[in-house]
Amino acid sequence: MTDPFDERKARAAAWFRQLRDDIVAAFEDLEDRHQSADAAGRFDVSQTKRHSEDGSDAGGGLMSVMRGGRVFEKVGVNVSTVHGTLGARAVAAMSARKDMEGLRDDPRFWASGISLVAHMNNPHVPAVHMNTRMFWTPHGWWFGGGSDLNPCIEYEEDTADFHAVLKAHCDKHGDDIYPRFKAWADEYFYVPHRGRARGVGGIFYDDLNTGDWEADFAFTQDVGRAFLPAFLGVVEKRREMAFDEADRDVQLIHRGLYAEYNLVYDRGTKFGLETGHDANAVLMSLPPLAKWV
């Protein structure tokens, strides 16, 4: 029997893949345009595979990582489409969060999305994170995602510019969207054991199901479309700035905070490892170098 959501799943997966291709092309173009004696960075692309407990195919995706570029010290842009059955811990957590007791009897799931984290060479250029995703079970579907800026040296105008682009894309879908999802990001990207946020925020949303799949998908697409203009505008202003060892030290210490958050609190990291996805792809968000005092 055909799943009535098959066509929607295919559209969502295709969109995430197209967004991945657009971002990879834009980042490699940035590498080409940046003046340096070093070779322009390029993404190493590898396929990721996921298998069910019985060894059968359970989906996969593409892991694209650039290391040691002119602008990017490390950036990963991953896209995946996976399916299978949720484990007991994932079922318990999701049932509690979404009031879907049916998952205990039928824990099938399908998920697709894009996840990006960029760590930059120049400490004046902020790190950044973005992801958008769709999740389906026989008992419900939803979208999630967002993007947030993580400068180690903050420039208030960069923070304002980044947020302005996000707001403009959110405002197409309602005046209440940006303030609500900005507040959610401020809460979600908070590091309790440090008593501070990991960056200067952005937007975050999860469990988005208004009952109108087309509207929710359209919003999720606009979150993806906002990323390049929001981030590249900041990069262009800062990538040629001079920096010294003191700036680099500040950057490495801030990266330690970023690593702590992703390993301890990040929902996507936990879900990826819980469901048996490629560990290298799940952990690609970690910085290449970090420092703790």
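This text goes with the structure placed above it.
Caption draft 1: Quick peek at the packing of helix 3 (residues 156–171) against helix 5 (residues 213–238). For the pair helix 3 and helix 5, interaxial distance at closest approach is 8 Å and the crossing angle is 160°. If you check the angle between helix 3 and helix 5, you find them roughly antiparallel. As for how helix 3 packs across helix 5, the hand of that crossing is right-handed. Residues Glu157, Asp158, Asp161, Phe162, Val165, Leu166, His169 and Cys170 of helix 3 form the contact with helix 5, whose own contacting residues are Phe219, Asp222, Arg225, Ala226, Pro229, Ala230, Phe231, Val234, Lys237 and Arg238. Looking at the contact of helix 3 with helix 5 residue by residue, the classes come out as 10 nonpolar, 1 polar and 7 charged.

Caption draft 2: Examining the packing of aromatic side chains more closely. A complete count under the given rule lists 22 aromatic pairs for this structure. Each ring, one from Phe227 and one from Phe231, has its centre 5.7 Å from the other, and the planes form 20°; the classification is stacked. Of this pair, Phe227 and Phe231 both sit in helix 5, 4 residues apart, which is roughly one turn of the helix. Comparing Phe227 with Phe231 shows no difference in burial state: the two are buried. What links up through ring pairs into an aromatic cluster is the set Phe181, Trp184, Tyr188, Phe189, Phe204, Tyr205, Phe219, Tyr261 and Tyr265. The ring of Phe5 has Arg8 sitting right over it, with the charged end atom 5.0 Å from the ring centre. Positioned above the aromatic ring of Trp136, the side-chain terminus of Lys9 is 3.6 Å from the ring centre.

Caption draft 3: Structural detail: the nonpolar core. In terms of nonpolar packing, the biggest core is built from 53 residues, with Ile23, Phe27, Phe72, Met134, Phe227 and Phe231 touching the most fellow members. Counting 11 residues, the second largest nonpolar core, distinct from the first, contains Leu86, Val91, Met94 and Trp142.

Caption draft 4: Inspection of the side chain of Asn131 at higher detail. Mapped onto the elements, Asn131 comes out in strand 5 (residues 127–137). At 2.3 Å, the side chain of Asn131 and the side chain of Arg133 are in polar contact. Leaving out residues up to four positions away in the same chain, Asn131 has contacts with Ile114, Ser115, Gly144, Gly145 and Gly146.

Caption draft 5: The pairing of strand 1 (residues 44–51), seen in detail. Two elements, strand 1 and strand 2 (residues 57–67), share 7 bridges in a ladder whose sense is antiparallel. By the bridge assignment, Lys49 is partnered in strand 2 with Gly60.

Caption draft 6: Examining helix 5 more closely. In this model helix 5 runs 39 Å from its N-terminal to its C-terminal C-alpha over 26 residues, within 8% of the 38 Å that 1.5 Å per residue would give. Of all bends in helix 5, the biggest is about 25°, found at Ala226, and the proline Pro229 comes one to four residues later. A distance of 3.3 Å separates the backbone nitrogen of Glu214 from a side-chain oxygen at the start of helix 5, and that oxygen is part of Asp212.

Caption draft 7: Representation of the sheet that holds strand 4 (residues 108–120) within the structure. Spatially, the 7 strands line up as an open sheet ordered 1-2-3-4-5-6-9, and their pairing is antiparallel. Taken across any chain shown, the strands that pair with only one partner, and hence form the sheet edges, are strand 1 and strand 9 (201–208). If you compare each strand with its neighbour and ignore which way they point, the axes differ by 10° on average. By the bridge criterion, 13 bridges tie strand 3 (residues 72–85) to strand 4 in an arrangement that is antiparallel.

Caption draft 8: Up close: the pattern of salt bridges. For the coordinates displayed, the defined rule picks out 27 salt bridges. Notably, a salt bridge pairs Lys172 with Asp222, separated by 3.8 Å at the nearest N-O pair. A residue pair is termed long-range when its members are at least 10 positions apart, and Lys172 in the loop between helix 3 and helix 4 (177–188) and Asp222 in helix 5 qualify at 50 residues. Judged by relative accessible area, which is 57%, Lys172 ranks as exposed. A relative accessible area of 7% means that Asp222 is categorised as buried. Two residues, Arg225 and Asp222, come together in a salt bridge whose shortest N-O distance is 3.0 Å.

Caption draft 9: Representation of the packing of helix 1 (residues 6–33) against helix 5. Relative to each other, helix 1 and helix 5 sit at 5°, their axes nearing to 12 Å. Classified by the angle their axes make, helix 1 and helix 5 are roughly parallel. The class makeup of the residues in the contact of helix 1 with helix 5 is 15 nonpolar, 3 polar and 7 charged.

Caption draft 10: Layout of the pairing of strand 4. The buried fraction of strand 4 amounts to 11 of the 13 residues, a majority that puts the element mostly inside the structure. In this sheet, strand 5 lies alongside strand 4 in antiparallel orientation, the contact comprising 9 bridges. In the sheet register, Ser112 faces strand 5, and the bridge partner there is Met134. Following strand 4, the chain reverses through 6 residues before pairing antiparallel with strand 5.

Rules used in this analysis
- Residues numbered from 1 in each chain as written.
- Predicted model: local features only at pLDDT ≥ 70, side-chain atom pairs only at ≥ 80, totals over all residues.
- Heavy atoms only, no water.
- Axes fitted to C-alpha atoms, helices over the stretch in contact; angles between N-to-C directions.
- Helix = DSSP H or I, 4+ residues; strand = E, 2+ residues; numbered from the N terminus.
- Parallel < 35°, antiparallel > 145°, perpendicular 65-115°, else oblique.
- Left-handed = near helix turned anticlockwise from the far one by under 90°.
- Contact = heavy atoms within 4.5 Å.
- Nonpolar A, V, L, I, M, F, W, Y, C, P; charged D, E, K, R; others polar.
- Phe/Tyr/Trp six-rings, centres within 6.5 Å; stacked < 30°, edge-to-face > 60°.
- Buried < 20%, exposed > 50% of the residue type's maximum accessible area, 1.4 Å probe, protein only.
- Lys NZ or Arg CZ within 6 Å of the ring centre and 35° of its normal.
- Core = buried A, V, L, I, M, F, W, Y, C linked by side-chain atoms within 4.5 Å.
- Polar contact = N/O pair within 3.5 Å; in protein donor to acceptor, adjacent residues only side chain to side chain.
- Pairing = 2+ DSSP bridges.
- Expected span 1.5 Å × (residues − 1).
- Bend = angle between axes of the 7 residues up to and from the residue.
- Salt bridge = Lys/Arg side-chain N within 4 Å of Asp/Glu carboxyl O.

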